[in-house]
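# Residue-level structure breakdown
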Amino acid sequence: DTGVSQDPRHKITKRGQNVTFRCDPISEHNRLYWYRQTLGQGPEFLTYFQNEAQLEKSRLLSDRFSAERPKGSFSTLEIQRTEQGDSAMYLCASSLTAAGQFFGPGTRLTVL
Amino acid sequence: AQSVAQPEDQVNVAEGNPLTVKCTYSVSGNPYLFWYVQYPNRGLQFLLKYITGDNLVKGSYGFEAEFNKSQTSFHLKKPSALVSDSALYFCAPPAGSGAGSYQLTFGKGTKLSVIP
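Summary of the structure given here. (Residues numbered from 1 in each chain as written. Chains lettered and ligands numbered in written order. Predicted model: local features only at pLDDT ≥ 70, side-chain atom pairs only at ≥ 80, totals over all residues. Heavy atoms only, no water.)

## Notes on the overall build of chain A
Rules: A run of H or I in DSSP becomes a helix once it reaches four residues, and a run of E becomes a strand once it reaches two; helices and strands are each numbered from the N terminus. With C-alpha atoms as the basis for the radius of gyration, the globule rule is written as 2.2 Å multiplied by the number of residues raised to the power 0.38. Accessibility here uses a 1.4 Å probe with only protein chains present; expressed as a share of the type maximum, an area under 20% marks a residue as buried, one over 50% as exposed, and anything in between as partly exposed. Should any heavy atoms of two residues lie within 4.5 Å, those residues are considered in contact. Note on areas: Shrake-Rupley, 1.4 Å probe, and residue coverage restricted to the protein chains presented here.
Helix and strand counts for chain A come out as zero helices and 11 strands. Taking 13 Å as the expected radius of gyration for a compact globule of 112 residues, we find that chain A reaches 13 Å, a close match to that expectation. Taking all 112 residues of chain A together, 49% fall into the buried category. Sequence separation of 24 or more characterises 52% of the internal contacts of chain A that already satisfy a separation of 6 or more. By element, 46% of the accessible surface of chain A is carried by carbon and sulfur atoms, the whole surface being about 5,700 Å².

## Re the interface of chain B and chain A
Our working rule: Joining two parts hides part of their accessible area as seen by a 1.4 Å probe, and the buried area is that hidden amount summed over both. A pair is scored as a salt bridge if a Lys or Arg side-chain nitrogen falls within 4 Å of a carboxyl oxygen belonging to Asp or Glu. Counting of polar contacts relies on pairs of N or O atoms within 3.5 Å, with two restrictions inside protein: one atom must be capable of donating a hydrogen and the other of accepting it, and residues adjacent in sequence are counted only when both atoms are side-chain atoms. The nonpolar class holds Ala, Val, Leu, Ile, Met, Phe, Trp, Tyr, Cys and Pro. Asp, Glu, Lys and Arg form the charged class, and all remaining residues, Gly among them, are polar.
With 21 residues of chain B at the contact, the number on the chain A side is 22 residues. Here chain B packs against chain A, burying approximately 1,700 Å² in sum over the two surfaces, 56% of which is carbon and sulfur. Our count for the chain B to chain A interface comes out at zero salt bridges. Run the count over chain B and chain A and you get five residue pairs in polar contact (both at pLDDT 80 or more). Listing elements by their share of the side of chain B that touches chain A, those giving two or more residues are strand E5 (33-38), strand E6 (44-50) and strand E12 (103-104) of chain B. By residue class, the composition of the side of chain B that touches chain A is 10 nonpolar, eight polar and three charged.

## Notes on the pattern of salt bridges
Residues and elements named next belong to chain A. Counting across every chain of the model gives five salt bridges over all chains. Between Arg64 and Glu83 there is a salt bridge whose closest N-O contact spans 3.4 Å. Linking Arg64 in the loop between strand E6 (53-57) and strand E7 (65-68) with Glu83 in the loop between strand E8 (75-79) and strand E9 (88-95), this pair joins segments that are 19 residues apart in sequence. Note that Arg64 is salt-bridged to Asp86, the shortest N-O span being 2.8 Å. Of this pair, Arg64 sits in the loop between E6 and E7 while Asp86 sits in the loop between E8 and E9; the two residues are 22 residues apart in sequence, bridging distant segments of the chain. For Asp86, a relative accessible area of 3% gives the class buried.

## Re the environment of Arg31 of chain A
Residues and elements named next belong to chain A. Note on placement: Arg31 falls in strand E4 (residues 31-37). You can call Arg31 buried: its relative accessible area is 13%. For the pair Arg31 and Phe49, spaced 18 residues apart in sequence, the C-alpha to C-alpha distance is 5.7 Å.

## Focus: the sheet that holds strand E2 (residues 10-14) of chain B
Residues and elements named next belong to chain B. Keep this limit in mind: Two strands pair under a simple rule: DSSP has to find at least two bridges between them. Under this scheme, a helix contributes an axis fitted over its contacting stretch, all axes are lines through C-alpha atoms, and angles between N-to-C directions fall in the 0 to 180 degree range.
Spatial ordering of the open sheet is given by E2-E13-E10-E5-E6, a layout of five strands whose pairing is mixed. In this open sheet, the two strands that pair with only one neighbour each are E2 and E6. Strand after strand, the sheet turns through a mean of 25 degrees between neighbouring axes, direction not considered. The pairing of strand E10 (residues 87-92) with strand E13 (residues 110-115) spans three bridges and is antiparallel. Each bridged residue has a counterpart across the sheet, and for Ala87 the counterpart in E13 is Leu112.

## So, the side chain of Glu56 of chain A
Applicable threshold: Here the positive residues are Lys and Arg and the negative ones are Asp and Glu; neither His nor the chain ends is included.
Inspection of the secondary structure puts Glu56 of chain A in strand E6. Buried charge without a partner: Glu56 of chain A forms no salt bridge, and the closest opposite charge is Arg31 of chain A, 9.1 Å away. A polar contact is formed between the side chain of Glu56 of chain A and the side chain of Gln103 of chain B, at a distance of 3.3 Å.

## Points about the state of the cysteines
We count it as follows: The rule for a disulfide is simple: a pair of cysteine sulfur atoms within 2.5 Å.
Overall, the coordinates contain two disulfides over all chains when judged by the stated rule. The disulfide bridge from Cys23 of chain A ends at Cys92 of chain A, spanning 1.8 Å between sulfur atoms. Taking the torsion about the S-S bond as the criterion, the Cys23 of chain A to Cys92 of chain A disulfide, at about -65 degrees, is left-handed. Here the residue Cys23 of chain A occupies a position in strand E3 (residues 19-24), and Cys92 of chain A occupies one in strand E9, the gap between them amounting to 69 residues. On the accessibility criterion, Cys23 of chain A (0% relative accessible area) is buried. Residue Cys92 of chain A is classed as buried on the basis of its relative accessible area of 0%. Between the sulfur of Cys23 of chain B and that of Cys91 of chain B lies a disulfide, 2.1 Å long from S to S. What sets the handedness of the Cys23 of chain B and Cys91 of chain B disulfide is the S-S torsion sign, and at about -55 degrees it is left-handed. Of the two residues, Cys23 of chain B sits in the loop between strand E3 (19-21) and strand E4 (24-27) while Cys91 of chain B sits in strand E10, which places them 68 residues apart along the sequence.

Structural data, given as structure tokens:
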């Protein structure tokens, strides 16, 4: 499978705990995006990497959120001190150019 | 800057009939426009894009879209709907920035239900 993969697919955690998600983009894609989708809404942009550099962050990305992309390959998104409002589907996408992004299956986070 | 509107929250169509999911855009300059589909409990899948060139764009799964500059529309169409086309459809323009990110901006989408 040469698509975008995300791990885990589902995560249930208690409020206050830290969680980390991983995204493996399509191998030749240098651009990587994180989005968040809540029920009944379309995805909202969180952050963008070009190679290993994090070039853009949405104001939705509070200080509790941090993302990395070491070596310009896979990326991780960490949420510290989770809150119930963090419950959502976290989507990763990658692209080679501006011409179209390919999305992974997402990680569904439930904060109890 | 670009923005789009999908005027219908829900579209119902009978199996075998043609389907249209509407999208209108507002943009300064040349528009980039994308259509994505989200099946239940699955990630977003790219259908097609318009950047420049032919106004009729053909995409995945038999879908096509026509870029109409005079009507500022980019409606998604399929000649014969399948029950398996039932999903949430998003018309999404990329929001270009100085960082070159082109992140996609999504609305709530249009829910398509194909009735057997």
